[in-house]
Amino acid sequence: MRLVLLGPPGAGKGTQATRLVEKFGVPQLSTGDMLRAAVAAQTPIGLKAKAIMDAGQLVSDDVVIGIIDQRIDAADCAKGFILDGFPRTVAQAEALRDLLTRKGLKLDAVVELVVDENALVDRMRKRVADAIAAGGQARADDNPESFKTRLEAYRAQTAPVSDHYASRSELRRIDGMAPIDEVTAALNRALGA
Ligand code: ADP
């Protein structure tokens with residue numbers, strides 16, 4: 001199962017990806033998580049990406065394409081993967097197709113979680129409250145100002161990715177406003193599982 005999950009920040013991609021990981025036994029590849037790990041480990045990529053991410057802007061295409069290109073070669077991706085947060089620009093979508101072709105692979109599905117933008121800020125606030133209640137810390141970019149920038153980046157750079165896949169008849173859209181279990185059920189139907 002090689003799947004791309006699309007949707008704005010707060011759409012529920014991470015929540016659904018976790019469930020798909022269990023069902024299909026393939027890893028979730030979140031470029032956001034990978035970049036946060038690079039920031040925490042203070043790798044050269046992490047050191048460069050930190051300020052960009054904290055502000056809510058997009059890290060350069062070359063960096064994330066390189067990360068995914070390498071990661072897909074790992075043994076745990078042999079049966080597939082769920083891409084969460086990648087591709088985020090049309091250039092990344094095109095690079096993904098090229099690198100998969102080079103590896104003799106192709107995507108099985110591209111699914112977008114469609115959500116009402118007004119709900120997203122509330123979901124972000126809830127994520128912050130949940131993290132703190134669990135004794136953890138909120139993400140550095142989960143604050144109203146960075147979130148606004150993330151939504152703008154989504155509208156300008158990532159919404160065209162949905163259109164890109166839709167124009168190739170590769171996109172399936174799912175209502176991301178439904179309760180979590182219903183979204184999961186709709187996702188499974190879309191994947192024919
Ligand atoms: P969100 O919850 O907003 O979807 P992520 O955890 O996926 O956020 O990503 C957090 C940040 O990491 C983004 O705001 C961006 O700076 C960076 N990032 C993640 N994936 C990509 C990507 N594919 N291209 C460019 N930047 C990315």
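Above this text is the structure in question.
Residues numbered from 1 in each chain as written. Predicted model: local features only at pLDDT ≥ 70, side-chain atom pairs only at ≥ 80, totals over all residues. Heavy atoms only, no water.

**Looking at unusual backbone geometry**
A negative phi holds for most residues other than glycine; trans holds for most peptide bonds.
1) Next: Cis rather than trans, the peptide bond between Phe86 and Pro87 has omega equal to 0 degrees.
2) Next: Position of Pro87 among the secondary structure elements: in the loop between β3 (81-84) and α5 (90-102).
3) Next: At Gln42, a residue that is not glycine, the phi angle is positive and equals roughly 55 degrees.
4) Next: As for its placement among the helices and strands, Gln42 is situated in the loop between α2 (31-40) and α3 (44-55). (Helix = DSSP H or I, 4+ residues; strand = E, 2+ residues; numbered from the N terminus.)

**A closer look at the nonpolar core**
Nonpolar side chains tend toward joint burial in soluble globular proteins.
1) Next: Membership of the largest hydrophobic core comes to 28 residues, with the highest contact counts inside it found for Leu35, Leu83, Leu96 and Tyr165.
2) Next: Going through the elements one at a time, β1 (2-6), α2, α3, α4 (61-71), β3, α5 and α7 (144-167) are the ones with two or more residues in this core.
3) Next: For Leu83, the contacting residues outside a window of four places in its chain are Leu3, Val4, Leu5, Leu29, Ile68 and Leu96.
4) Next: The next biggest cluster of nonpolar side chains, apart from the first, holds 23 residues, and it includes Leu3, Ala11, Val111 and Leu113. (Core = buried A, V, L, I, M, F, W, Y, C linked by side-chain atoms within 4.5 Å. Buried < 20%, exposed > 50% of the residue type's maximum accessible area, 1.4 Å probe, protein only. Contact = heavy atoms within 4.5 Å.)

**Details of the site of the ligand**
1) Next: Of all residues adjacent to the ligand, which total 19 residues, the nearest are Thr31, Arg36, Gln57, Gln92 and Arg150.
2) Next: Separating an oxygen atom of the ligand from a side-chain N or O atom of Arg36 is a distance of 2.9 Å.
3) Next: Within the side chain of Arg150, a nitrogen or oxygen atom sits 2.8 Å from an oxygen atom of the ligand.
4) Next: Relative to its free-state accessible area of 550 Å², the ligand is covered by the protein chains to the extent of 97%.
5) Next: It is α2 that provides the largest number of residues to the shell around the ligand, a total of four residues.
6) Next: In the shell around the ligand, the residues fall into seven nonpolar, five polar and seven charged. (Near = heavy atom within 4 Å. Polar contact = N/O pair within 3.5 Å; in protein donor to acceptor, adjacent residues only side chain to side chain. Areas by Shrake-Rupley, 256 points an atom, 1.4 Å probe, with all protein chains shown as cover. Nonpolar A, V, L, I, M, F, W, Y, C, P; charged D, E, K, R; others polar.)

**A closer look at the pattern of salt bridges**
1) Next: Taken as a whole, this structure holds 17 salt bridges when the rule is applied.
2) Next: A salt bridge links Arg97 to Glu170; its shortest N-O distance comes to 3.2 Å. Of this pair, Arg97 sits in helix α5 while Glu170 sits in the loop between α7 and β5 (171-175); the two residues are 73 residues apart in sequence, bridging distant segments of the chain.
3) Next: The partly exposed category is assigned to Arg97, whose relative accessible area is 25%.
4) Next: Looking at Glu170, the relative accessible area reads 24%, which means it is partly exposed. (Salt bridge = Lys/Arg side-chain N within 4 Å of Asp/Glu carboxyl O.)

**Concerning the side chain of Thr89**
1) Next: Mapped onto the elements of the fold, Thr89 is located in the loop between β3 and α5.
2) Next: In this structure Thr89 comes out as buried when scored by relative accessible area, which is 9%.
3) Next: Here Gln92 takes part through its backbone nitrogen, which lies 3.0 Å from a polar atom of the side chain of Thr89.
4) Next: In contact with Thr89, not counting residues within four places along its chain, are Leu58, Asp61, Gln157 and Val161.

**Side note on the environment of Lys126**
1) Next: Relative to the helices and strands, Lys126 is located in helix α6 (residues 117-133).
2) Next: Between the alpha carbons of Lys126 and Gly10 there is a distance of 9.9 Å; along the sequence they are 116 residues apart.

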